[in-house]
Amino acid sequence: MLLLTVEEKLEIRTMSRKVNISVDNLPDTLRGQIHGVESAIDNESLALFTDNKDVRVSIENAAHGLRAYSNTFNHYDLWGRFVRSGHKKLPVEEAPKKTIVTRRISEKVDGILYDGEIKITPAVVSTRKDGEDVEYLVWPSDREEKVERALIRLASKGKIVKINFKSGIQYAVVFSMNELAQELKAVGQSMPYPQIKESLEALQGSKLSFRYSATDTRNSDIDDSFYESNMNFLSSLHFSGKKGQGGNVKCVACLNAFVHNMIDNLEYKGYYFNSAQELKRGLSRWMMLRLYHLWRYAAPGKTYHFRLLSIMEKYGSIYSTDEITENKLKALRRDMTTTMKDLIEKGAISEYNITNVKDDKTGNIIDYTYEMHPSDQFCDEILTLNKHNKRIEIQGGKRIVENAVLIDEDKIEEIVED
């Protein structure tokens, strides 16, 4: 007989829970701006986004017990949207001359090559210090990435609504500070409420600027598409509650238009939140999420390759203009070695190989190529997630049902007559 812990029983109950909310229980700052609200119970796009009933690895086969499910957005989550090095929080008066971080975009997802650049502008956040309000520049970093992942985890569980504002429609995550804190705590990322609130404010205040082309590598007849836009990580943020309420403070975080469109267009994939977010190191978490996202054909005998410098640039540890000295290259390799060990310990890969990349003229090592082998556990997880993703696409009308039986008109007449 299979016995579940209290936490596992709670997880089963909450996985199917959907927010049923009305205008009356939203913060005062929102009520006058809204015509109506739809929950995932009533909205088709949100119903698909929160549909996770078929993606559970069975408790008997799961190495880590009952697994938590969440969604990751196709190319958006692969871009270097977070600052890994340099200033992450500074008093405004100490701001450097250049505050905007620029990164190169180069990702191929589902046959589409995205190429361009992204710019990250820090938020200005006010913090009480020694009885006075002090303004800081806050760049979205590892802390904000953790909070954003937990926020989307809540949305994937059903804590998401469609709000019909007078100015237009937005998707929003509705939650309490305690609920968000519990998601972080569940994966060993506990934060006090003030830090969580500051992270949310940093996500709302930080700006993203995209400029990229999208090339369909599978069909040369389709012209390249060009995109350019400016937005915040979160469109808007609202709090309500009583003074001293702490974890019971209600929050509404409106998602930006880019994420909104990706939900509507089914441009997201499922992954196991605990497996990725339980890892202690930022690079390890990012690599695990990347594997869930890009290694959708993981199977025994198939491998995944990447170049060290390329992957570190995508992560944000280095920039394309950086001079990579011998010592710097060794340091990057040490970081990746630790991450590979994390992925093996987590059960994502069984082993990996490294090949030196040498300069043709000098013979010096200038880069490394990594080859990763998936574990049986990871292959099983990907198979389960792919089946679920296929079902969602069929339900959403994005995929035509395969192996459909086509019947000629003459045959239809025969069937009808019979």
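Look up: the structure comes first, before these words.
Calculation criteria
Residues numbered from 1 in each chain as written. Predicted model: local features only at pLDDT ≥ 70, side-chain atom pairs only at ≥ 80, totals over all residues. Heavy atoms only, no water. Axes fitted to C-alpha atoms, helices over the stretch in contact; angles between N-to-C directions. Helix = DSSP H or I, 4+ residues; strand = E, 2+ residues; numbered from the N terminus. Parallel < 35°, antiparallel > 145°, perpendicular 65-115°, else oblique. Contact = heavy atoms within 4.5 Å. Nonpolar A, V, L, I, M, F, W, Y, C, P; charged D, E, K, R; others polar. Buried < 20%, exposed > 50% of the residue type's maximum accessible area, 1.4 Å probe, protein only. Polar contact = N/O pair within 3.5 Å; in protein donor to acceptor, adjacent residues only side chain to side chain. Phe/Tyr/Trp six-rings, centres within 6.5 Å; stacked < 30°, edge-to-face > 60°. Lys NZ or Arg CZ within 6 Å of the ring centre and 35° of its normal.

Caption draft 1: Representation of the packing of helix α4 (residues 142-156) against helix α6 (residues 193-205) within the structure. Contact geometry for α4 and α6: axes closest at 9 Å, N-to-C directions at 90°. Put simply, α4 runs roughly perpendicular to α6. Taking contact as the criterion, the partners of Arg 143, Glu 144, Val 147 and Glu 148 in α4 are, on α6, Gln 195, Glu 198, Ser 199, Leu 200, Ala 202 and Leu 203. Tallied by class, residues from the contact of α4 with α6 come to four nonpolar, two polar and four charged.

Caption draft 2: Representation of the side chain of Asp 77. One can find Asp 77 in the loop between β2 (69-73) and β3 (89-91). Residue classification places Asp 77 among the buried positions, given a relative accessible area of 6%. A polar contact of 2.9 Å, which involves the side chain of Asp 77, links it to the side chain of Thr 72. Ignoring any residue separated from it by four or fewer positions in sequence, one finds Asp 77 in contact with Thr 72, Glu 148, Arg 149, Trp 286 and Leu 289.

Caption draft 3: Fine view of the packing of aromatic side chains. Across all of its chains, the model carries 21 aromatic pairs by this definition. Aromatic side chains Tyr 271 and Tyr 292 sit 6.1 Å apart centroid to centroid with 50° between the ring planes, which places their arrangement in the tilted category. Of this pair, Tyr 271 sits in strand β14 (residues 268-272) while Tyr 292 sits in helix α9 (residues 282-294), placing them 21 residues apart in sequence. As far as burial versus exposure is concerned, Tyr 271 and Tyr 292 are alike and both buried. A connected cluster of aromatic rings, assembled from ring pairs, spans Tyr 271, Tyr 272, Tyr 292, Trp 295, Tyr 304, Phe 306, Tyr 352, Tyr 370 and Phe 378. Here the guanidinium or amino end of Lys 89 rests over the ring plane of Tyr 136, the centre of that ring lying 4.6 Å away. We note Arg 333 situated over the ring of Tyr 368; from NZ or CZ to the ring centre the distance is 4.7 Å.

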